[in-house]
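# Geometric and topological summary
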Amino acid sequence: MTDPQPVTEDVVLEISGLTKSFGQNIVLDGVSLKVRRGETVCLLGPSGSGKSTLLRCVNFLERPDQGAIYLSGERVGLRPGGVVKMTNSELAKARSRIGMVFQHFNLWPHLTVLQNLIEAPIHVQRRRRDEVVAEAEVLLERVGLSSKRDVFPSHLSGGQKQRVGIARALAMRPELLLFDEPTSALDPELVGEVVAVMKVLAEAGSTMLVVTHEMGFARETANEVILMDGGRIVESGPPATFFNTPKTDRARQFLQRYVNG
């Protein structure tokens, strides 16, 4: 299988020298990467390598210690010399540009599927309710859940909950989609339905940064694969190169354990 063609359009996300520590534990140690418009970039690595913390810093759920984050060329959240506190309106504006799909779904249990999708576009983006509802219904059809429009999350399977989570992220019309191990909380038989939706998004040109253990998805769908370990990027490249001819001993060890083991 050939690698996806490289994307030459503008950079949606650029991270430069990002660091994050919890006490004496250095979780991110000078991480730099770029995600271009229309790309799918997959972050791989063992547990504790800093992948999820990196996504949480991009979405401002964690506050980095140093470094720079740019969204479509605009520096957000951090300034030279350290971190400045973002106002609530600045934080909401930045987050509205980024859709995040969580490992454990994070749906609002007291709201129906449709209400989960329309809450943020109406109250954060101040969009018209009729417009938002119409768009949400299209998104539910896109993820195969039109019939679950008025159902509460407690009546959904794990795979259905995660597809709602994807639709909810898309409802904000984000520039960038972040996926934090979106299949790791699912029973094995439900993984495929979520991966299938993600592949459709990639084929449609969504810009995605994906933390995943699904090696097949990374091999078949990613434009770039990045291996993290110990809070650092230890290898990156197109999937055919990474999986077939890894350059570093650490990448070879990782692949032997997680792919060939």
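Structural notes, computed from the coordinates. (Residues numbered from 1 in each chain as written. Predicted model: local features only at pLDDT ≥ 70, side-chain atom pairs only at ≥ 80, totals over all residues. Heavy atoms only, no water.)

## Quick word on the packing of helix α5 (residues 158–170) against helix α6 (residues 188–203)
Interhelical geometry of α5 versus α6 gives an angle of 20° and a closest axis separation of 8 Å. Classified by the angle between their axes, α5 and α6 sit roughly parallel to one another. Taken as a pair, α5 and α6 cross one another with a handedness that is right-handed. On α6, the residues touching Gly 158, Gly 159, Gln 160, Gln 162, Arg 163, Ile 166 and Leu 170 of α5 are Leu 190, Glu 193, Val 194, Val 197, Met 198 and Leu 201. (Axes fitted to C-alpha atoms, helices over the stretch in contact; angles between N-to-C directions. Helix = DSSP H or I, 4+ residues; strand = E, 2+ residues; numbered from the N terminus. Parallel < 35°, antiparallel > 145°, perpendicular 65-115°, else oblique. Left-handed = near helix turned anticlockwise from the far one by under 90°. Contact = heavy atoms within 4.5 Å.)

## A short note on the sheet that holds strand β10 (residues 208–211)
Read across the sheet, six strands follow the order β8-β9-β10-β3-β11-β12 without closing on themselves; strand pairing throughout is mixed. Two strands lie at the open edges of the sheet, namely β8 (98–101) and β12 (232–237), each paired on one side alone. Within this sheet the neighbouring strands show an average axis-to-axis angle of 20°, counted without direction. Strand direction decides the pairing type here: β8 and strand β9 (residues 176–180), joined by four bridges, are parallel. Within β9, the position partnered with Val 101 by the bridge is Phe 179. Against the sheet, α6 engages β3 (40–44), β9 and β10, with an angle of about 150° to β10. (Pairing = 2+ DSSP bridges.)

## Digging into the sheet that holds strand β1 (residues 11–22)
Taken together, the four strands give an open sheet; going across it, the order is β2-β1-β4-β5, and neighbouring strands pair in antiparallel fashion. The open sheet has two free edges, formed respectively by β2 (25–36) and β5 (74–75), since each of these has just one partner strand. Pairing of strand β4 (residues 66–71) with β5 involves two bridges; the strand directions are antiparallel. Across the sheet, residue Leu 71 finds its bridge partner in β5, namely Glu 74. Seen against the sheet, helix α1 (residues 51–58) touches β1, β2 and β4 and runs at an angle of roughly 115° to β1.

## Notes on α1
Most of α1 is tucked away, with six of its eight residues classed as buried. When we look at burial in α1, the residues that qualify are Lys 51, Thr 53, Leu 54, Leu 55, Cys 57 and Val 58. Positive backbone phi, approximately 65°, marks Phe 60, located one or two places after α1. (Buried < 20%, exposed > 50% of the residue type's maximum accessible area, 1.4 Å probe, protein only.)

## Remarks on the packing of helix α3 (residues 113–123) against α5
Across the interface, α3 lies against α5 with an axial gap of 8 Å and an inter-helix angle of 25°. Classified by the angle between their axes, α3 and α5 sit roughly parallel to one another. Both α3 and α5 take part in a crossing whose hand is right-handed. Residue-level contacts link Val 113, Asn 116 and Leu 117 of α3 to Val 164, Ala 167 and Arg 168 of α5. When the residues that make up the contact of α3 with α5 are grouped by side-chain class, the tally is four nonpolar, one polar and one charged. (Nonpolar A, V, L, I, M, F, W, Y, C, P; charged D, E, K, R; others polar.)

## Let's talk about the nonpolar core
Membership of the largest hydrophobic core comes to 48 residues, with the highest contact counts inside it found for Leu 44, Ile 166, Phe 179, Met 208, Phe 242 and Phe 243. For this core, the element with the highest residue contribution is α6, accounting for eight residues. Residues in contact with Ile 166, not counting those within four places in the same chain, are Val 101, Phe 179, Val 194, Val 197, Met 198 and Leu 201. In this structure, Leu 43, Ile 69, Val 76 and Met 228 belong to the second largest nonpolar core, which totals 28 residues. (Core = buried A, V, L, I, M, F, W, Y, C linked by side-chain atoms within 4.5 Å.)

## Topic: the pattern of salt bridges
Here the structure, examined in full by the defined rule, presents 16 salt bridges. With its nearest N and O atoms 2.9 Å apart, the salt bridge here joins Arg 149 to Asp 150. Look at Asp 150 and you get exposed, because its relative accessible area is 51%. Of the charged contacts in the structure, one is a salt bridge between Asp 249 and Arg 252, with a shortest N-O distance of 2.5 Å. Highlighted residues: Asp 249 and Arg 252, both in helix α9 (residues 249–258), separated by three residues, approximately one helical turn. When salt bridges with common partners are traced through the structure, they connect Arg 127, Glu 131, Glu 135 and Arg 173 into a single cluster. (Salt bridge = Lys/Arg side-chain N within 4 Å of Asp/Glu carboxyl O.)

Function cannot be inferred from these measures alone, as they are strictly geometric.
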